[in-house]
Amino acid sequence: MSDRAKTLTQIAEEYGVHLSTLINWIKPIKSEIYEGKRKLLLPRQYKKIYEFLGEPEYSKKDDS
């Protein structure tokens, strides 16, 4: 896991789901994640998603 900012689209790809699916999954913790209108999530923000959903098992790099 890197310590770079990520978009929700990148996180959805890590889980192997569509962006709208990820958005629905994280609705219960939305207020804990978003800070203002920032489009990029900092590591402390997306780590909350990983804690809530579990570490993503899907990786685009695994697709050969």
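As a starting point, this report considers the structure included with it.

The rules behind each value
Residues numbered from 1 in each chain as written. Predicted model: local features only at pLDDT ≥ 70, side-chain atom pairs only at ≥ 80, totals over all residues. Heavy atoms only, no water. Helix = DSSP H or I, 4+ residues; strand = E, 2+ residues; numbered from the N terminus. Contact = heavy atoms within 4.5 Å. Areas by Shrake-Rupley, 256 points an atom, 1.4 Å probe, with all protein chains shown as cover. Core = buried A, V, L, I, M, F, W, Y, C linked by side-chain atoms within 4.5 Å. Buried < 20%, exposed > 50% of the residue type's maximum accessible area, 1.4 Å probe, protein only. Salt bridge = Lys/Arg side-chain N within 4 Å of Asp/Glu carboxyl O.

**Digging into the overall build of the protein**
Right, on to step 1. Summing up its helical and strand segments, the protein has four helices and zero strands in all.
Right, on to step 2. Its helices and strands in sequence order give the protein the pattern α-α-α-α, from N to C terminus.
Right, on to step 3. Taking the contacts inside the protein whose residues are at least 6 apart along the sequence as the reference set, 61% of them involve residues at least 24 apart.
Right, on to step 4. With an accessible surface of roughly 4700 Å², the protein has 50% of that area assigned to carbon and sulfur atoms.

**Side note on the nonpolar core**
Right, on to step 1. Membership of the largest hydrophobic core is limited to 12 residues, which are L8, I11, A12, Y15, L22, I26, I29, I33, L41, Y46, I49 and Y50.
Right, on to step 2. At the level of secondary structure, the elements contributing two or more residues to this core comprise helix 1 (8-15) and helix 4 (43-53).
Right, on to step 3. With residues near it in sequence (within four places) discarded, L22 still touches L8, I11, A12, Y15, V17 and L53.

**Looking at the pattern of salt bridges**
Right, on to step 1. With the rule as written, the count across this model stands at two salt bridges.
Right, on to step 2. The partner of K47 in a salt bridge is D3, with the nearest N and O atoms 3.5 Å apart. Of this pair, K47 sits in helix 4 while D3 sits in the segment before helix 1, and the two are 44 residues apart along the sequence.
Right, on to step 3. For the salt bridge of E14 with K6, the shortest nitrogen-to-oxygen distance reads 2.5 Å. Taken as a pair, E14 and K6 share a single burial class, namely buried.

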